[in-house]
Amino acid sequence: MYGHDAYEHDRREHGRHPAYRSAFTLPSRRDSVARARHWLRDELQGWRLHTDLCDVAVLVVSELFTNAVLHTASTLISCEVRLLAEHVRLDVHDQGARDAGPSPRSPDSRAENGRGLLLVESLAEAWGVGSREGGVGRTVWAMLPLNHGSGI
């Protein structure tokens, strides 16, 4: 779908204006994670989403973006956020994986890392991994219900 057809589809399917969709791309570096968090918070606050939902979304993107930085061979990482009828969808796109894909671990209680996807799993209504359109890289996504806060 393109142009007006895509707008009408978004409006019918999601009851929202397609302006509630945004994306950014940053270098695959550790310092980009903070930039991703700040960008997402500013975007969601501009959409007038509840503070609790913004906090959860920022935490989820932080974990997914960090995983892409640490566990892929990407030079650039993209993030897309969409406001749907009952959810916020977060997609983090990488350029290529070094391993089979993300999956939650059971870290030792003394380990300093390895809990990010456990957090995502506990906060998101659903999350998953898929091939990136075009076949290069992958997309890790999460769906957050709007009722994480008191709505919009």
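Keep in mind that what you see is a predicted model, and the values were worked out from it rather than measured.

Digging into the sheet that holds strand S4 (residues 126-131)
Overall, antiparallel pairing links the 5 strands, which are arranged S1-S2-S3-S5-S4 in an open sheet. Since the sheet does not close on itself, it has two edges, and those belong to strand S1 (21-27) and S4, each with one partner. Shown here is a sheet whose adjacent strand axes are inclined to one another by a mean of 15 degrees, direction ignored. Both strand S3 (residues 87-93) and strand S5 (residues 138-145) contribute to a ladder of 7 bridges, which runs antiparallel. Bridge pairing in S5 links Arg89 to Met143. The sheet strands contacting helix H2 (residues 31-46) are S1, strand S2 (76-83) and S3, and the helix crosses S1 at an angle near 165 degrees. Across the sheet, helix H3 (residues 51-71) touches S1, S2, S3 and S5, and the angle it forms with S5 is around 165 degrees.

Focus on the environment of Leu144
By secondary structure assignment, the location of Leu144 is in strand S5. With relative accessibility at 0%, the residue Leu144 sits in the buried group. Residues Leu144 and Glu125, spaced 19 residues apart in sequence, show a C-alpha to C-alpha distance of 5.6 Å. If we ignore the near neighbours within four places in the chain, the residues touching Leu144 are Leu53, Val56, Ala57, Val60, Glu86, His87, Val88, Leu90, Leu123 and Ala124.

Side note on the packing of H2 against H3
H3 packs onto H2 with a crossing angle of 150 degrees between their chain directions and a minimal axis gap of 9 Å. Accordingly, the angle class assigned to the pair H2 and H3 is roughly antiparallel. At the point where H2 passes H3, the crossing takes the right-handed sense. Here Ser32, Val33, Ala36, Arg37, Leu40, Arg41, Leu44 and Gln45 of H2 come into contact with H3, specifically with Cys54, Asp55, Ala57, Val58, Val61, Ser62, Phe65, Thr66 and Val69. Class assignment for the residues of the contact of H2 with H3 results in 10 nonpolar, 4 polar and 3 charged.

Comments concerning the nonpolar core
Core analysis: the biggest nonpolar cluster contains 35 residues, and Leu49, Val60, Phe65 and Leu90 have the highest contact counts within it. Taken together, the elements giving at least two residues each to this core come down to S1, H2, H3, S2, S3, helix H4 (116-123) and S5. The leading source of residues in this core is H3, at 11 residues.

Conventions adopted
Residues numbered from 1 in each chain as written. Predicted model: local features only at pLDDT ≥ 70, side-chain atom pairs only at ≥ 80, totals over all residues. Heavy atoms only, no water. Pairing = 2+ DSSP bridges. Helix = DSSP H or I, 4+ residues; strand = E, 2+ residues; numbered from the N terminus. Axes fitted to C-alpha atoms, helices over the stretch in contact; angles between N-to-C directions. Contact = heavy atoms within 4.5 Å. Buried < 20%, exposed > 50% of the residue type's maximum accessible area, 1.4 Å probe, protein only. Parallel < 35°, antiparallel > 145°, perpendicular 65-115°, else oblique. Left-handed = near helix turned anticlockwise from the far one by under 90°. Nonpolar A, V, L, I, M, F, W, Y, C, P; charged D, E, K, R; others polar. Core = buried A, V, L, I, M, F, W, Y, C linked by side-chain atoms within 4.5 Å.

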